[in-house]
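Notes for the structure review
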Amino acid sequence: MANAVIALGSNLGESLRILQNSLQSLTLIPGIEIEAVSSWYQTKPIGPPQPDYLNGCALLSVQQHPEELLVLLQAIELQFGRVRNEKWGARTLDLDLLLYDELIFNTPSLQIPHPRMTQRAFVLVPLAEIVPDWIEPRSGKAIANLVTQIDCSGVTKYCIN
Ligand SMILES: Nc1ncnc2c1ncn2[C@@H]1O[C@H](COP(=O)(O)OP(=O)(O)OP(=O)(O)O)[C@@H](O)[C@H]1O
Ligand SMILES: Nc1nc2c(c(=O)[nH]1)N=C(CO)CN2
């Protein structure tokens, strides 16, 4: 088994219900267990003008290899009506694979750690709740340290799980 962390985001439709149901969908997949889920946060959008997001993170224990996991995450995005339109545009559900043990992995379709995670308060704030001591392997810094180095003013707690 490996540990993996995913980021969840939604800013279209009934976002809270979509996020919670997407976690439920993950639990139905053999070989995936959810170990921890962060609070949900309301976050100012990065990218083109669009509604605020709800964001959170989950720690998983997985038997799947990273590429298999990405395929499963993308299938759940589609199940919840994800449509790929403009870059960084609004979406019903976004599931990103952030970290997978201490792996650094680079292919055209999958980069781990997620290449933009260290700049994103909407990722690091919920992540610091569940895995503060995890070392992001590119920077060599703990999540609890990385979150102190960015502006988190656009991220406010919406509800706990
Ligand atoms: N760690 C990763 N997690 C999820 N997708 C990834 C990852 N690394 C690369 N990708 C690739 O990124 C592609 C685009 O994903 P997506 O449309 O969700 O991007 P986005 O969420 O709009 O932007 P961003 O990647 O900046 O969060 C996916 O098809 C996938 O192949
Ligand atoms: N606040 C916020 N902004 C975003 C988000 C997101 O999840 N939250 N996702 C994006 C594309 O991955 C682009 N911008």
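Residue indices begin from 1 for each chain and proceed along its sequence in written order. By the order in which they are written, chains take letters starting at A while ligands take numbers starting at 1. Since the coordinates come from a predicted model, pLDDT governs what is reported: local features require at least 70, and pairs of side-chain atoms require 80 or more to be given and counted, while whole-chain, interface and lining totals use all residues. Derived side-chain values reflect all non-hydrogen atoms in the structure, with water molecules and hydrogen atoms excluded from consideration.

For the chain, the name recorded in an unreviewed UniProt entry is 2-amino-4-hydroxy-6-hydroxymethyldihydropteridine diphosphokinase, with Stanieria cyanosphaera as its organism. UniProt positions are given in the numbering used here, feature names are shortened, and annotations may be inferred rather than shown by experiment. Regarding the chain, the relevant UniProt record gives this comment under Pathway (unreviewed entry): "Cofactor biosynthesis; tetrahydrofolate biosynthesis; 2-amino-4-hydroxy-6-hydroxymethyl-7,8-dihydropteridine diphosphate from 7,8-dihydroneopterin triphosphate: step 4/4."

Quick look at the site of ligand 2
In the vicinity of ligand 2, the contacting residues are T43, K44, P45, I46, Y53, N55, W88, R91, D94, R120 and F122. N or O atoms within 3.5 Å of each other form a polar contact, as long as, within protein, one can give a hydrogen and the other can take it, and as long as residues adjacent in sequence are counted only when both atoms are side-chain atoms. At 2.8 Å, a backbone N or O of K44 approaches a nitrogen atom of ligand 2. Between ligand 2 and D94 there is a distance of 3.1 Å, counted from an oxygen atom to a side-chain nitrogen or oxygen. Working definition of accessibility: Shrake-Rupley area with a 1.4 Å probe, residue cover restricted to the visible protein chains. Considering ligand 2 on its own, with 340 Å² of exposed area, one finds that the protein chains cover 96% of that surface. Think of it as three bins: nonpolar holds Ala, Val, Leu, Ile, Met, Phe, Trp, Tyr, Cys and Pro, charged holds Asp, Glu, Lys and Arg, and polar takes everything else, Gly as well. Classifying every residue of the shell around ligand 2 gives five nonpolar, two polar and four charged. When we say a residue is near a molecule or strand, we mean one of its heavy atoms is within 4 Å of it.

With respect to the site of ligand 1
In the vicinity of ligand 1 lie 15 residues, with R84, L97, S109, R116 and R120 positioned nearest. R91 has a polar side-chain atom sitting 2.9 Å from an oxygen atom of ligand 1. Expressed as a share of its isolated accessible area of 620 Å², the protein-covered part of ligand 1 is 81%. Helix numbering and strand numbering both begin at the N terminus, where a helix is a DSSP run of H or I of at least 4 residues and a strand a DSSP run of E of at least 2. Contributions of two or more residues to the shell around ligand 1 are made by α2 (66–79) and β5 (94–100). Per-element tally for the shell around ligand 1: the top contributor is β5, with three residues. For the shell around ligand 1, the residue count by class is four nonpolar, four polar and seven charged.

Things to note about the nonpolar core
Nonpolar cores are built from buried Ala, Val, Leu, Ile, Met, Phe, Trp, Tyr and Cys residues. Side-chain atoms within 4.5 Å join them into one set. Using a 1.4 Å probe on the protein chains alone, a residue whose accessible area is under 20% of its type maximum counts as buried, one over 50% counts as exposed, and one in between counts as partly exposed. I6, L8, L26, V62 and L97 are the most contacted members of the largest nonpolar core, which has 26 residues in total. Going through the elements one at a time, β1 (2–10), α1 (15–27), β4 (53–62), α2 and β5 are the ones with two or more residues in this core. In contact with L8, other than residues within four places in its own chain, are L19, S22, L23, W40, L54, N55, G56, C57, A58, D94 and L95. Membership of the second largest hydrophobic core comes to 21 residues, among which are Y41, A121, L127 and L146. Whether two residues touch is decided by their heavy atoms; if any such pair falls within 4.5 Å, the residues are in contact.

Re the pattern of salt bridges
Salt bridge, as used here: a side-chain nitrogen of Lys or Arg that lies within 4 Å of a carboxyl oxygen of Asp or Glu. All told, the structure shown has four salt bridges when counted by the stated rule. The closest approach of N and O atoms between R17 and E14, which form a salt bridge, is 3.4 Å. Taking the relative accessible area as the measure of exposure, R17 reaches 40% and is therefore partly exposed. Relative accessible area serves as the criterion here: at 52%, E14 is assigned to the exposed category.

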